[in-house]
Structures are given as structure tokens and as C-alpha cells.
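Survey of secondary and tertiary structure
The chain contents come next:
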Amino acid sequence: VQLQASGGGLVQAGGSLRLSCAASGRTFSSYNMGWFRQAPGKEREFVAAVRRSGGSTYYAPSVKGRFTISRDNAKNTVYLQMNSLKPEDTANYYCAAAPNRIDYSGYYYSTDGYDFWGQGTQVTVSS
């Protein structure tokens, strides 16, 4: 599957952005999907994930209550709604697809669990 992330930009602290990740192929609904981010000089970190059905979601503690992940399997797209943005949210945001192996709840937060990655979209939050 090929992934194309979009929707990044420059926003003031307290503002909102919605990221989108469009997937190619007919098997999008068979993949669990995640969003990760990477700031300069830092490791890539988990942000949010959603199971293939959309029925379960997972969030990093730093974004819980501010970000919402969702997916539309009919449109082959996963979204990340980001509200109340903070300067520390500044990073390159990546979407990723994980095949539905057993125990996804045990590895949704790990980059090792994802086989396909988008190119990233830059989010910059000014103070």
C-alpha cells in the first residue's frame, strides 16, 4: 500500500489542523493505521492509532484529549484532527500502515509494527 500524507502547515498555538493520509490499493480496510511524528534531533514517536474497523483508537498521553484519529475505509483515508496545538507539537507527521497481526494492542505504539510509511507532512506551531 502507498500512503500520501497532507494537511500540515503553520498554525498559532491553540489552533487546529487536520491531517489526511490517502492510501492506494484495495486493501486499506485490512490495515491498522497509525500516526507518528519526528522533531529535529529526536526519535520518531507514536501519536495515535486506529484499528482497521475504526472501532478502537489509541493515543500518546501527550496528545490525548486534543487529537482525534479516525478513518473512512470507503475513501481509503485516515485523518488526524489536532486541536489546542502547542509549540511542542511541531514535527514532521507520518502516517503508517500495519498489517493486522495478532496482538496489535501490544505494538501499535512501535514503529517496528508498521510496514508502510507515508512521506510526512510538516506541522509547525508558533508560540
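Everything discussed here concerns the structure shown above.
Described below are features of the structure shown in this document. (Residues numbered from 1 in each chain as written. Predicted model: local features only at pLDDT ≥ 70, side-chain atom pairs only at ≥ 80, totals over all residues. Heavy atoms only, no water.)

1. What to know about the overall build of the protein chain
To keep it simple, the criterion reads: Secondary structure elements follow DSSP: runs of H or I of four or more residues count as helices, runs of E of two or more count as strands, with numbering from the N terminus. Every radius of gyration here is taken over C-alpha atoms, with the globule rule written as 2.2 Å times N^0.38, N being the number of residues.
Per the secondary structure count, the protein chain includes 0 helices and 11 strands. Ordered by position from N to C terminus, the α and β elements of the protein chain give β-β-β-β-β-β-β-β-β-β-β. On C-alpha atoms alone, the protein chain measures out to a radius of gyration of 13 Å, which is about the 14 Å that the 2.2 N^0.38 rule sets for 127 residues. Across its three principal axes, the protein chain shows a C-alpha extent of roughly 40 × 25 × 25 Å.

2. Regarding the packing of aromatic side chains
Applicable threshold: Stacked, edge-to-face and tilted labels apply to pairs of Phe, Tyr and Trp rings (six-membered ring for Trp) whose centres lie within 6.5 Å, assigned for plane angles under 30 degrees, over 60, and everything in between, in that order. Using a 1.4 Å probe on the protein chains alone, a residue whose accessible area is under 20% of its type maximum counts as buried, one over 50% counts as exposed, and one in between counts as partly exposed.
For the coordinates displayed, the defined rule picks out 12 aromatic pairs. When the centroid spacing of 5.8 Å and the interplanar angle of 85° are considered together, the rings of tyrosine 31 and phenylalanine 116 count as edge-to-face. Placement of tyrosine 31 in strand β4 (residues 31-38) and of phenylalanine 116 in strand β10 (residues 116-117) is noted, with a sequence separation of 85 residues between them. Residue classification places tyrosine 31 among the buried positions, given a relative accessible area of 13%. One aromatic cluster in this structure is built from Phe36, Phe46, Tyr58, Tyr104, Tyr107, Tyr108, Tyr109, Tyr114 and Trp117.

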